[in-house]
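Observations on chain architecture
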Amino acid sequence: MNLNIEAGWKQVLQSEFEQDYFKELIEFVDTEYNTKTIYPPKSQVFNAFNLCPFKQTKVVILGQDPYHGPDQAHGLCFSVNKGIKTPPSLVNIYKELRTDIGIEIPSYGNLEHWARQGVLLLNATLTVEATKAGSHQKKGWEQFTDAVIQTVAEQLDNVVFILWGAYAQKKAKLVDNKKHLILKSVHPSPLSAHRGFFGTKPFSQTNAYLAEKNKKAINW
(Lines give C-alpha, C1' and ligand atoms only; values in the text may rest on other atoms or scores of the structure.)
Protein backbone atom coordinates (compact mmCIF):
# COMPACT_ATOMS: atom_id res chain seq x y z
CA MET A 1 0.00 0.00 0.00
CA ASN A 2 1.25 3.45 -0.91
CA LEU A 3 1.37 5.56 2.27
CA ASN A 4 -0.50 8.44 0.72
CA ILE A 5 -0.65 10.65 3.81
CA GLU A 6 -0.32 14.41 4.39
CA ALA A 7 3.29 15.58 4.86
CA GLY A 8 2.82 16.82 8.43
CA TRP A 9 1.35 13.52 9.55
CA LYS A 10 4.03 11.61 7.65
CA GLN A 11 6.72 13.46 9.57
CA VAL A 12 5.27 12.98 13.07
CA LEU A 13 4.28 9.34 12.46
CA GLN A 14 7.45 8.24 10.67
CA SER A 15 8.64 6.16 13.63
CA GLU A 16 5.33 4.19 13.55
CA PHE A 17 5.67 3.48 9.83
CA GLU A 18 9.09 1.96 10.46
CA GLN A 19 7.94 -0.47 13.17
CA ASP A 20 7.52 -4.17 12.43
CA TYR A 21 3.86 -4.26 13.49
CA PHE A 22 3.00 -1.57 10.94
CA LYS A 23 4.87 -3.30 8.12
CA GLU A 24 3.00 -6.52 8.95
CA LEU A 25 -0.28 -4.62 9.06
CA ILE A 26 0.26 -3.10 5.63
CA GLU A 27 1.22 -6.50 4.23
CA PHE A 28 -2.01 -7.97 5.62
CA VAL A 29 -4.12 -5.09 4.28
CA ASP A 30 -2.52 -5.30 0.83
CA THR A 31 -3.32 -9.02 0.64
CA GLU A 32 -6.91 -8.34 1.71
CA TYR A 33 -7.38 -5.68 -0.99
CA ASN A 34 -5.95 -8.03 -3.58
CA THR A 35 -8.20 -10.97 -2.68
CA LYS A 36 -11.44 -9.56 -1.17
CA THR A 37 -13.74 -6.56 -1.23
CA ILE A 38 -12.37 -4.12 1.34
CA TYR A 39 -13.66 -0.70 2.41
CA PRO A 40 -12.91 2.15 2.09
CA PRO A 41 -11.31 2.23 -1.39
CA LYS A 42 -7.55 1.82 -1.04
CA SER A 43 -6.89 5.43 -2.07
CA GLN A 44 -9.08 6.71 0.79
CA VAL A 45 -7.68 4.74 3.74
CA PHE A 46 -5.82 7.82 5.05
CA ASN A 47 -8.49 10.33 3.98
CA ALA A 48 -9.00 11.62 7.54
CA PHE A 49 -5.36 12.71 7.66
CA ASN A 50 -5.24 14.18 4.17
CA LEU A 51 -8.32 16.33 4.69
CA CYS A 52 -7.17 17.45 8.16
CA PRO A 53 -3.42 18.27 8.13
CA PHE A 54 -1.58 17.59 11.39
CA LYS A 55 -0.81 21.20 12.30
CA GLN A 56 -4.41 22.27 11.64
CA THR A 57 -5.96 19.62 13.91
CA LYS A 58 -8.22 21.25 16.53
CA VAL A 59 -10.77 18.49 17.24
CA VAL A 60 -10.54 14.69 17.27
CA ILE A 61 -13.72 12.60 16.94
CA LEU A 62 -13.11 8.89 17.39
CA GLY A 63 -15.08 6.10 15.73
CA GLN A 64 -14.38 2.37 15.75
CA ASP A 65 -14.75 0.70 12.33
CA PRO A 66 -15.42 1.88 8.78
CA TYR A 67 -18.89 1.18 7.41
CA HIS A 68 -18.91 -2.21 5.69
CA GLY A 69 -21.63 -1.64 3.06
CA PRO A 70 -21.01 -0.68 -0.58
CA ASP A 71 -20.06 2.96 -1.32
CA GLN A 72 -20.45 4.08 2.32
CA ALA A 73 -16.94 4.36 3.80
CA HIS A 74 -14.54 6.99 2.53
CA GLY A 75 -12.00 7.21 5.34
CA LEU A 76 -13.79 9.49 7.82
CA CYS A 77 -15.54 8.14 10.92
CA PHE A 78 -19.36 8.53 10.99
CA SER A 79 -19.26 10.03 7.46
CA VAL A 80 -20.57 8.53 4.21
CA ASN A 81 -20.26 9.53 0.58
CA LYS A 82 -22.85 11.93 -0.78
CA GLY A 83 -25.78 10.09 -2.33
CA ILE A 84 -25.68 7.40 0.38
CA LYS A 85 -28.40 7.27 3.03
CA THR A 86 -27.32 8.92 6.29
CA PRO A 87 -26.53 6.14 8.82
CA PRO A 88 -28.54 6.00 12.09
CA SER A 89 -25.71 7.17 14.39
CA LEU A 90 -25.06 10.18 12.18
CA VAL A 91 -28.78 10.98 12.10
CA ASN A 92 -28.59 11.23 15.91
CA ILE A 93 -25.43 13.35 15.72
CA TYR A 94 -27.32 15.70 13.39
CA LYS A 95 -30.28 15.80 15.81
CA GLU A 96 -27.96 16.85 18.63
CA LEU A 97 -26.34 19.41 16.33
CA ARG A 98 -29.77 20.93 15.68
CA THR A 99 -30.79 21.12 19.35
CA ASP A 100 -27.31 22.25 20.44
CA ILE A 101 -26.61 25.06 17.96
CA GLY A 102 -29.67 25.24 15.72
CA ILE A 103 -28.22 23.83 12.51
CA GLU A 104 -30.82 22.28 10.22
CA ILE A 105 -30.26 18.57 9.55
CA PRO A 106 -28.41 18.15 6.22
CA SER A 107 -29.80 15.88 3.50
CA TYR A 108 -26.42 14.13 3.17
CA GLY A 109 -23.99 12.32 5.46
CA ASN A 110 -20.66 13.58 4.11
CA LEU A 111 -18.56 15.29 6.82
CA GLU A 112 -15.61 16.43 4.69
CA HIS A 113 -16.45 20.07 5.51
CA TRP A 114 -15.71 19.27 9.19
CA ALA A 115 -12.40 17.62 8.33
CA ARG A 116 -11.25 20.59 6.22
CA GLN A 117 -11.71 22.85 9.27
CA GLY A 118 -9.42 20.80 11.52
CA VAL A 119 -11.67 17.98 12.74
CA LEU A 120 -9.82 14.65 12.62
CA LEU A 121 -12.54 12.05 12.01
CA LEU A 122 -10.53 9.03 13.10
CA ASN A 123 -11.66 5.42 13.13
CA ALA A 124 -9.68 3.13 15.45
CA THR A 125 -9.56 0.59 12.61
CA LEU A 126 -9.04 2.03 9.13
CA THR A 127 -10.18 -0.87 6.94
CA VAL A 128 -12.87 -3.58 6.95
CA GLU A 129 -13.99 -6.49 4.79
CA ALA A 130 -17.34 -6.03 3.03
CA THR A 131 -20.32 -7.12 5.16
CA LYS A 132 -18.03 -8.23 8.03
CA ALA A 133 -18.02 -5.67 10.82
CA GLY A 134 -14.86 -5.69 12.89
CA SER A 135 -13.04 -8.02 10.49
CA HIS A 136 -9.81 -5.97 10.56
CA GLN A 137 -9.72 -5.39 14.30
CA LYS A 138 -6.66 -6.56 16.25
CA LYS A 139 -4.45 -6.59 13.16
CA GLY A 140 -2.42 -3.54 14.15
CA TRP A 141 -4.62 -0.60 13.25
CA GLU A 142 -5.51 0.07 16.88
CA GLN A 143 -1.83 0.34 17.83
CA PHE A 144 -1.34 2.81 15.00
CA THR A 145 -4.38 4.96 15.80
CA ASP A 146 -3.50 4.98 19.51
CA ALA A 147 -0.13 6.39 18.44
CA VAL A 148 -1.98 9.02 16.39
CA ILE A 149 -4.03 10.08 19.43
CA GLN A 150 -0.91 10.20 21.61
CA THR A 151 0.98 12.22 19.01
CA VAL A 152 -1.79 14.80 18.79
CA ALA A 153 -2.05 14.93 22.59
CA GLU A 154 1.70 15.36 23.07
CA GLN A 155 2.64 17.65 20.18
CA LEU A 156 -0.39 19.94 19.87
CA ASP A 157 -2.09 22.18 22.43
CA ASN A 158 -5.73 22.80 23.32
CA VAL A 159 -7.34 20.10 21.18
CA VAL A 160 -10.90 18.90 21.82
CA PHE A 161 -11.22 15.10 22.01
CA ILE A 162 -14.83 13.95 21.50
CA LEU A 163 -15.21 10.39 22.78
CA TRP A 164 -18.61 8.81 22.16
CA GLY A 165 -19.26 5.36 23.62
CA ALA A 166 -17.32 3.04 25.93
CA TYR A 167 -14.74 2.06 23.32
CA ALA A 168 -13.78 5.64 22.51
CA GLN A 169 -13.84 6.69 26.16
CA LYS A 170 -11.04 4.22 26.95
CA LYS A 171 -8.76 6.39 24.80
CA ALA A 172 -9.02 9.23 27.33
CA LYS A 173 -6.06 7.69 29.16
CA LEU A 174 -3.86 8.70 26.18
CA VAL A 175 -4.72 12.39 26.63
CA ASP A 176 -3.67 14.93 29.30
CA ASN A 177 -6.92 16.59 30.35
CA LYS A 178 -5.04 19.58 31.75
CA LYS A 179 -3.72 20.38 28.28
CA HIS A 180 -6.80 19.46 26.24
CA LEU A 181 -10.60 19.27 26.55
CA ILE A 182 -12.08 15.76 26.69
CA LEU A 183 -15.83 15.44 26.04
CA LYS A 184 -17.36 12.04 26.81
CA SER A 185 -20.83 10.63 26.39
CA VAL A 186 -22.60 7.44 25.40
CA HIS A 187 -22.54 6.50 21.72
CA PRO A 188 -24.97 8.23 19.31
CA SER A 189 -26.18 4.82 18.09
CA PRO A 190 -30.00 4.37 18.28
CA LEU A 191 -29.28 1.60 20.80
CA SER A 192 -27.79 4.02 23.32
CA ALA A 193 -28.32 7.68 22.32
CA HIS A 194 -31.35 8.11 24.58
CA ARG A 195 -29.23 7.06 27.57
CA GLY A 196 -27.09 10.18 27.66
CA PHE A 197 -26.02 11.35 24.22
CA PHE A 198 -28.82 13.79 23.55
CA GLY A 199 -28.42 17.05 25.41
CA THR A 200 -24.65 16.83 25.90
CA LYS A 201 -24.00 19.85 23.64
CA PRO A 202 -20.60 18.74 22.29
CA PHE A 203 -20.62 21.21 19.40
CA SER A 204 -21.22 24.38 21.42
CA GLN A 205 -18.81 23.17 24.11
CA THR A 206 -16.14 22.59 21.47
CA ASN A 207 -16.56 26.04 19.96
CA ALA A 208 -16.61 27.77 23.35
CA TYR A 209 -13.32 26.07 24.24
CA LEU A 210 -11.70 26.92 20.89
CA ALA A 211 -12.78 30.55 21.25
CA GLU A 212 -11.36 30.65 24.77
CA LYS A 213 -8.02 29.41 23.36
CA ASN A 214 -8.11 31.99 20.53
CA LYS A 215 -8.77 29.37 17.87
CA LYS A 216 -11.31 29.68 15.09
CA ALA A 217 -14.58 27.92 15.87
CA ILE A 218 -15.82 25.05 13.70
CA ASN A 219 -18.62 25.88 11.28
CA TRP A 220 -20.55 22.67 11.89
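Relevant structure appears above.
First, a word on what this report is: a plain description of the structure on this page. (Residues numbered from 1 in each chain as written. Predicted model: local features only at pLDDT ≥ 70, side-chain atom pairs only at ≥ 80, totals over all residues. Heavy atoms only, no water.)

What about the side chain of Asp30?
- Its place among the elements puts Asp30 in helix α3 (residues 20–35).
- With a relative accessible area of 18%, Asp30 lands in the buried category. (Helix = DSSP H or I, 4+ residues; strand = E, 2+ residues; numbered from the N terminus. Buried < 20%, exposed > 50% of the residue type's maximum accessible area, 1.4 Å probe, protein only.)

Some points on helix α5 (residues 88–101)
- The first and last C-alpha atoms of α5 sit 20 Å apart over 14 residues, in line with the 20 Å expected at 1.5 Å per residue.
- For α5, the complete set of buried residues consists of Ser89, Leu90, Asn92, Ile93, Tyr94, Glu96, Leu97 and Asp100.
- Those residues of α5 that are buried lie in contact with α6 (112–115), β5 (160–164) and α9 (202–212).
- Within two residues after α5, Gly102 carries a phi angle of roughly 80°, on the positive side. (Expected span 1.5 Å × (residues − 1). Contact = heavy atoms within 4.5 Å.)

Re the pairing of β5
- Among the five residues that make up β5, five are buried, leaving the element largely enclosed by the rest of the structure.
- Here β5 shows a buried face lined by Val160, Ile162 and Trp164 and a second buried face lined by Phe161 and Leu163.
- Note: strand β2 (residues 59–63) against β5, four bridges, orientation parallel. Paired with Val59 across the strands is Val160, a residue of β5. (Pairing = 2+ DSSP bridges.)

Examining the side chain of Thr145
- With respect to the helices and strands, Thr145 occurs in helix α7 (residues 141–155).
- Residue Thr145 is classed as buried on the basis of its relative accessible area, which comes to 1%.
- A distance of 3.4 Å separates a polar side-chain atom of Thr145 from the backbone oxygen of Glu142.
- Setting aside residues up to four positions removed in sequence, Thr145 forms contacts with Leu122, Asn123, Ala124 and Leu126. (Polar contact = N/O pair within 3.5 Å; in protein donor to acceptor, adjacent residues only side chain to side chain.)

Notes on unusual backbone geometry
- Of note, the bond from Tyr39 into Pro40 is cis; its omega dihedral lies within 30 degrees of zero at -5°.
- Examined against the element boundaries, Pro40 turns out to sit in the loop between β1 (38–39) and α4 (47–51).
- Despite not being glycine, Asp71 has its phi angle at roughly 65°, a positive value.
- We note that Phe78 has phi near 70°; this positive angle belongs to a residue other than glycine.
- For Phe78, a relative accessible area of 9% puts it in the buried group.

Looking at the packing of aromatic side chains
- Scanning the entire structure with this criterion turns up 19 aromatic pairs.
- Measuring from ring centre to ring centre gives 6.1 Å for Phe46 and Phe49, while their planes differ by 55°; the resulting arrangement is tilted. Taken as a pair, Phe46 and Phe49 share a single burial class, namely buried.
- Grouped by ring-pair contacts, the aromatic residues Trp9, Phe17, Tyr21, Phe22, Phe46, Phe49, Phe54, Trp141 and Phe144 constitute a single cluster. (Phe/Tyr/Trp six-rings, centres within 6.5 Å; stacked < 30°, edge-to-face > 60°.)

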